[in-house]
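# Understanding the architecture of this molecule
So the chains spell out like this:
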Amino acid sequence: MRDAAPQTIYLKDYTPFGYLIDSVSLTFKLHPTETRVLSRIAFRPNPDATDQTFFLHGEELKLISAKIDGAEVSPVVTDEGLTIENAPSAPFIWESEVEISPSTNTALEGLYMSNGMYCTQCEAEGFRKITYYPDRPDVMATFDVRIEGSENVLLSNGNPGASGEGFAEWSDPWKKPAYLFALVAGDLNNHPGSFTTRSGKDVELNIWVRPGDEDKCAFGMQALKDSMKWDEDVYGREYDLDIFNIVAVDDFNMGAMENKGLNIFNSSCVLASQATSTDADFERIEAIIAHEYFHNWTGNRITCRDWFQLCLKEGLTVFRDAQFTADMRSEPVKRIDDVIALRARQFPEDQGPLSHPVRPEEFQEINNFYTATVYEKGAEVIGMLKTLVGHDAYYKALDLYFERHDGDAATIEDWIKVFEDSTGRDLAQFKRWYSQSGTPKVSVREEWDAEGGTFTLHFNQSTAPTPGQDVKDPRVIPIALGLLNPNGDETHSTQIFEMTEAEQALTFTGLSARPVPSILRGFSAPVMLEQDIDNTRRAFLLAHDTDAFNRWEAGRELARDALLKMILEDAAPDAAYLEGLKRVVTDTSLDAAYRALMLNQPSETELAGVIAEMGQTPDPVKIHAAAKALSKAKAESLADALPALYTENQPSGAYAPDAKGSGQRALANSAMSLMGKLGDVEKARAQYASADNMTQQIAALATLVREGEGDAEVQAFYDQWQEDRLVINKWFGLQISLAKPEEAAAVTERLTQHPDFDMKNPNRFRGTLGALAGNHAGFHHASGAGYKLLADWLIKLDALNPQTTARMCTSFQTWKRYDDGRQAMIKAQLERILATPNLSRDTHEMISRILG
C-alpha cells in the first residue's frame, strides 16, 4: 500500500522525462500468481530535459533481474519504483524481468484476473504495476508484445503478428504512452464484423466475450460501425490499424478504456439484448462505444502531455460522443439529458469541497480527478468554443489540430493556440474556463422603454469563491437568446451574445410591443441563470418558446417553483403548472421522448441543492413528501388522458431500441407509473407478465414496487434472471432506490448479505451502495443509519479497491448543506473513515477534501 498522505503534485512543476524511448518489447509468461514480464526498452537521453535522473515507476513488483546493455545492474528500489545512478549518457538498452500476481490484484489496476480472464487497466497509472517503466503520458513509444499462455485468445494492442500453440505476438506501429497498453488472455468467443474505410481499407472487427454472451454483441458491433462511419463523415478521421478488438470484462473500475486497437469494456457498457437491456442501456452502450472509438484520434493519436491536461482528451471526446448521439437520436432530447446529468453531478461538485478547475492545478491521486468537471464540464467548454467561433471555423481548427499535433502529447495551450491561429481570435479570456473552478451565476434584469420601442437586457456575471480560489475574473460566456412577441410569435431568432464583462447590456430597438426574452437557449453555457420572472411568464414560454430546450426549462422551472412552495410554504400543487403540463404532454405534434421528459420533475437531490442556494436548510423529509404529492397531483390532473397516453404509445412491430420506439416506451411507461399513483396497478401487472423486453419489464416492476404491490414480482424477477449478473445488478438497485426512507438502510443491509452480493465487483458494489446514496430521503434519514452503512462498506472496500472506494466517497460531498444533526453524523463517519489504519491515498485525499 502506498503512503496515504503523499506529496502534492503541481502543474507548475512539470518537467519532461530525462529520456526518450525508441521502442518497447515485452514478453508475458502468464500465470495466476507468478506471471513473468520481460521488458527490453531502447532509451536515449532527452535533449530537452534538464534532469536526466533515470527513474522508472514500479509498484507491487518482484524484481528478478535488471540489465543495461546486457550487463547486470543493481538499481535502488523503493515502493514507488527504481533508480539507476549514473545512467549512460548515450543510447542504451534496458532489460528487466519482474514477477507479478494477477489473481490477487483486487485493485483492478495493472494486470489482474476477472472470472479466469487476464486483463489490464493502465489508465492512469496502472502500467507501473506491470513492469518498471516511465509511467507518464508524455513518454511515447512503439510496442511489440509476445504473450505466452494456455488460453485460446491472446490479445494486445496493434496488429497481430506470429501466433501458434501457447503464444501470440502483437505489434503496434503507433507511438503511445504506457497508459494505453492493453493485454487480454482468456477462453473467449468472438462476434466478428468488418468495416471498409472511405479510402478502401478493410478492417477486421471483433467483440470478445465469455461463453454464453455471444447473443449480446450485435448492437455493440453496429454501434462501432456507426461510430467509425460518423467520425469519417463529420471529423474526417479514418481508423489506422488492420484490426479493432473490444473485450467485455465483468470486473472493471471504469466504463471502458480506449487502449489502442484493443478497447476493454465493462461488460455493462457493451453487452446488450432485448431481453436483458433497457432502452437507456442501449443508448448508453451506443454512446460509450462511440466515445472509446473516437479516442483513437482525440486521446490516442494526440494524447495529453501530463494528467493535468486530462480534459484535453476527455472533454473533447465527450463533446464528440454527444454530437454523435444527437445525430443518431434526438438532438433536443440529448441536450436535455446532458443538462440534467450536468446539474445532478457537476454543479454540486463545482459548488462543494471537491470543486476544481476543468484543468486542475494540483493533485495527490490522479484517479480522483476523473470527474464530472473534467469530463462533462470539459465538454461544455468545447461546445462554447464551437458556438463562439462558428460551425465551419470549428471544423477548420480541428483539421489544423490533427495536422499539427498528430503523434504529440499536447496541452490546453496547444489546443487554444490552434483556434487562435485558425480563427484569428484572442482566446486568452476564454481560457479562464480551464483555470477557474465554480459555476458562474448570470443574472438578468429587463428594461422596457415603450415610448422609444427599445428593450434592454442587463446581464451580470459572478462566481462564488471555491477552495483555493477566492477571487474570480469575468469569463467569456456565449448566451444564446431570442425574442417572442406577446402573441407567442418569434420576432428575433436565436443570436449569440458574447458576455465578457462583469456587467453588460444588450439593447433591441424598433419594437412595437414589449417582447418576452428566451435566454440561454440550448443551454449555451454551463451557468446558473437568474431571472426575476413569474409563473405566468414561465407558462407562456412553456406554451410558445421555439427553442426546445428552453420550452422544457420553463416547464422544469414551473415544477421546481411548485415544489419549493410546497416544501417551504406548505402550498398546494400549482394549478397553472399542472394545466400547462397537460397541454404539452397531450400535444401529439411533439416527440414522445420529449413529452416523457416533460413529465419528469426535479430530483430530490436537486431540490436540496436549490434550497441550500437560497440560504435555507433542506429537510429531506419535507422534500420527499412534496415530491410524492406533486407526482400524485400530476396523476390526478392527467387522469383522463393517461389511458390513451399509455395505449397510443405502445410501439408497433418488433422491438427496436431506436429513438422513436424508445421515446414511445418512455412516455407510455411514465403514464403507467402515474396510473399506479391513482391505485391502478393492473396495467403494470399485466405489462410485467407479458413484457418481451427489459424496458417494459423493469418499468412495470418499478411501478409495482413503488406502490407496494410488487413482492411476488420481485421474487419472480430474481428467479428468472439470477444467472445474468448484469440484470441482477438492476434487481439490487431497484429495491434500494425505491425503498421507503425509513427502510432504505435496512433494505440495503439485507441485500449486502445476499449470496449474490460481491463487494469485489465494482458494478455490484455501485449498484447496491450507490443506490442507497441515490435514495435521497433514505440516505439522509434522521437515524443516520445510511451514513454508517455506507461508511462501513467503504472502509471494507478500501483495502481491496481504493479507486472505486474513493469515487463512492463523493456521496458525502454535499454534507454541509444539511442541518446540524445530520452534519454531525456525517462528519463522524468521515472522520472514522479517515482514521482507518492503512487507508489508501485515493480515499485519504477524497475524505480530506470533503472534510475541508
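Details of the structure are given in the entry above.
Below is a short write-up of the structure. (Residues numbered from 1 in each chain as written. Predicted model: local features only at pLDDT ≥ 70, side-chain atom pairs only at ≥ 80, totals over all residues. Heavy atoms only, no water.)

### Focus on the overall build of the chain
The criterion, for reference: The helix count covers DSSP runs of H or I at least four residues long, the strand count covers runs of E at least two residues long, and both are numbered beginning at the N terminus. To get the radius of gyration, use the C-alpha atoms; to get the globule rule, take the number of residues to the power 0.38 and multiply by 2.2 Å. Three labels apply to residues, based on accessible area from a 1.4 Å probe with only protein chains included: buried if under 20% of the type maximum, exposed if over 50%, partly exposed otherwise in between. Here, two residues are considered to be in contact whenever any of their heavy atoms come within 4.5 Å of each other.
Assigned secondary structure in the chain consists of 27 helices and 31 strands. The globule rule puts the C-alpha radius of gyration for 852 residues at 29 Å, and the 28 Å found for the chain is close to it. Looking at the chain residue by residue over its 852 residues, the buried ones come to 60%. Long-range pairs, those at least 24 residues apart, make up 71% of the contacts in the chain with a sequence separation of at least 6.

### Focus: the sheet that holds strand 27 (residues 477–484)
Where strands meet in a sheet, backbone hydrogen bonds hold them as pairs that are either parallel or antiparallel. Spelled out, the test is: Strands are labelled as partners when DSSP assigns at least two bridges between them. Here an axis means a line fitted to C-alpha atoms, over the contact stretch when the element is a helix, while the angle between two N-to-C directions is reported on a 0 to 180 degree scale.
One open sheet accounts for 3 strands, arranged 28-27-30; its pairing is antiparallel. Whereas interior strands pair on both sides, the edge strands pair on one side only; in this sheet they are strand 28 (490–499) and strand 30 (516–519). On average, each strand axis in the sheet is tilted by 25° relative to the strand beside it, whichever way the strands run. When strand 27 meets strand 28, the two strands line up antiparallel, connected through 7 bridges. Following the sheet pairing, A480 is matched in strand 28 by I496. Where helix 9 (residues 535–544) meets the sheet, it contacts strand 27 and strand 30, and its direction lies at approximately 70° from that of strand 30.

### Digging into the packing of aromatic side chains
Test applied: Only centres within 6.5 Å qualify two rings of Phe, Tyr or Trp (six-membered ring in Trp) as a pair; their planes then separate them into stacked at under 30 degrees, edge-to-face at over 60, and tilted for everything else. Each ring is checked for a lysine NZ or an arginine CZ that lies within 6 Å of its centre and within 35 degrees of its normal; such an atom marks a charge sitting over the ring.
A full pass over the atoms with the stated rule returns 46 aromatic pairs. Relative to F732, the ring of W731 lies with its centre 5.3 Å away and its plane at 90°, an arrangement referred to as edge-to-face. By relative accessible area, F732 is classed as buried at 0%. One residue, R237, lies across the ring of W297, its end atom 4.7 Å from the ring centre. A cation sits over an aromatic face here: R320 above Y235, 4.6 Å from the ring centre.

### So, the nonpolar core
Threshold: Side-chain atoms within 4.5 Å are what join buried Ala, Val, Leu, Ile, Met, Phe, Trp, Tyr and Cys residues into a set we call a nonpolar core.
In terms of nonpolar packing, the biggest core is built from 265 residues, with W94, W415 and F459 touching the most fellow members. Those residues in contact with F459 that lie beyond four places of it in its chain are V442, S443, V444, I479, L481, F497, M499, A502, E503, Q504, L506 and I519.

### Describing the sheet that holds strand 17 (residues 189–196)
Pairing is mixed in the open sheet, where 5 strands are placed in the order 17-18-19-21-20. A strand with exactly one partner marks an edge of an open sheet, and here the two such strands are strand 17 and strand 20 (256–257). Note that strand 20 and strand 21 (residues 262–266) share 2 bridges and pair antiparallel. Looking at strand 21, one finds that A256 is bridged to F265.

### Description of the pairing of strand 2 (residues 19–29)
Two elements, strand 2 and strand 3 (residues 35–45), share 10 bridges in a ladder whose sense is antiparallel. Counted as the bridge partner of Y19 is P45 from strand 3. The pairing of strand 2 with strand 12 (residues 141–148) spans 7 bridges and is parallel. Across the sheet, the residue bridging to V24 is F143, located in strand 12.

### Focus: the state of the cysteines
Here is the rule: Two cysteine sulfur atoms form a disulfide, by the criterion used here, when they sit within 2.5 Å.
With the rule as written, the count across this model stands at 0 disulfides. Residue C119 stays outside any disulfide, its sulfur separated by 10 Å from that of C122, the closest cysteine. Residue C119 is classed as buried on the basis of its relative accessible area of 0%. A disulfide-free cysteine, C311 has its sulfur positioned 8.8 Å from the sulfur of C304, the nearest such atom. Using a relative accessible area of 3% as the deciding quantity, one classes C311 as buried.

### A word on unusual backbone geometry
Note that the residue after E123, namely A124, is joined by a cis bond; omega there is 5°. Assignment of secondary structure puts A124 in the loop between strand 11 (117–121) and strand 12. Within the chain, E60 stands out as a residue other than glycine whose phi angle is a positive 60°. When you line up the elements, E60 lands in the loop between strand 4 (54–57) and strand 5 (62–68). Of note in the backbone geometry, F523 takes a positive phi value of approximately 50° without being a glycine. Tracing the backbone shows F523 in the loop between strand 30 and strand 31 (528–531). Look at F523 and you get buried, because its relative accessible area is 1%.

### Quick word on helix 26 (residues 820–834)
An α-helix turns once per 3.6 residues; consequently, residues spaced three or four apart project the same way. How we decide: Here a helix's expected span is defined as the number of its residues, less one, multiplied by 1.5 Å. The reported arc concerns the directions from the helix axis to the C-beta atoms and nothing else. We call two N or O atoms a polar contact when they sit within 3.5 Å, provided that within protein one can donate a hydrogen and the other can accept it, with sequence-adjacent residues counted only if both atoms are side-chain atoms.
With 15 residues, helix 26 should cover 21 Å at 1.5 Å per step; its first-to-last C-alpha distance of 21 Å lies within 8% of that length. Of the positions making up helix 26, those classed as buried are R822, I826, Q829, L830 and I833. Looking straight down helix 26, one finds that the buried residues subtend no more than 100° of arc, so they occupy a single side. Summarising the contacts, the buried residues of helix 26 are in contact with helix 14 (620–637), helix 24 (785–798) and helix 27 (841–851). The N-terminus of helix 26 is capped by D819, whose side-chain oxygen sits 3.1 Å from the backbone nitrogen of G821.

### Quick word on the environment of G708
Inspection of the secondary structure assignment puts G708 in the loop between helix 18 (694–706) and helix 19 (711–721). Each C-alpha atom, one on G708 and one on K740, is 9.7 Å from the other, the two residues being 32 residues apart in sequence.

### Some details on the pattern of salt bridges
The criterion, for reference: Salt bridges are counted wherever a side-chain nitrogen of Lys or Arg sits within 4 Å of a carboxyl oxygen of Asp or Glu.
Following the criterion strictly, the structure yields 61 salt bridges and no others. Among the ionic pairs, R146 bridges to E148, the shortest N-O distance being 2.8 Å. Under the relative-accessibility criterion, R146 is labelled partly exposed at 25%. Relative accessible area serves as the criterion here: at 25%, E148 is assigned to the partly exposed category. The network of salt bridges with common partners includes R210, D213, K216, D250, D724 and R725.

### So, the packing of helix 1 (residues 218–235) against helix 2 (residues 279–294)
Axis angle and axis distance: for two packed helices, these are the angle between their axes and the distance between the axes, and together they describe the pair. The condition is simple: Orientation is classified from the angle alone, with under 35 degrees giving roughly parallel, over 145 giving roughly antiparallel, 65 to 115 giving roughly perpendicular, and any other angle giving oblique. The handedness criterion is simple: a crossing whose near helix is rotated anticlockwise from the far helix by less than a right angle is left-handed, and one whose near helix is rotated clockwise is right-handed. Think of it as three bins: nonpolar holds Ala, Val, Leu, Ile, Met, Phe, Trp, Tyr, Cys and Pro, charged holds Asp, Glu, Lys and Arg, and polar takes everything else, Gly as well.
Relative orientation of the contacting elements helix 1 and helix 2 amounts to 45°, with a least axis distance of 9 Å. Taken together, the axis directions place helix 1 and helix 2 in an arrangement best described as oblique. Considering the relative orientation of helix 1 and helix 2, their crossing is right-handed. Contacts between helix 1 and helix 2 involve F219, G220, A223, L224, S227, M228, W230 and D231 from the first element and F282, I285, E286, I289, A290, Y293 and F294 from the second. For the contact of helix 1 with helix 2, a count of residues per class yields 11 nonpolar, 2 polar and 2 charged.

### So, helix 10 (residues 548–569)
Taking 1.5 Å per residue as the helical rise, helix 10 with its 22 residues ought to reach 32 Å, and the 31 Å between its terminal C-alpha atoms agrees with that figure. Of all 22 residues making up helix 10, 17 are buried, and the element is well covered by its neighbours. Phi turns positive, to about 55°, at D570, one or two residues after helix 10.

### Points about the environment of I847
Here I847 shows up in helix 27. The exposure class assigned to I847 is buried, which follows from its relative accessible area of 0%. Sequence separation between I847 and P353 is 494 residues; the distance between their C-alpha atoms is 9.9 Å. Contact partners of I847, with chain neighbours within four places excluded, come to C809, L830, I833 and L834.

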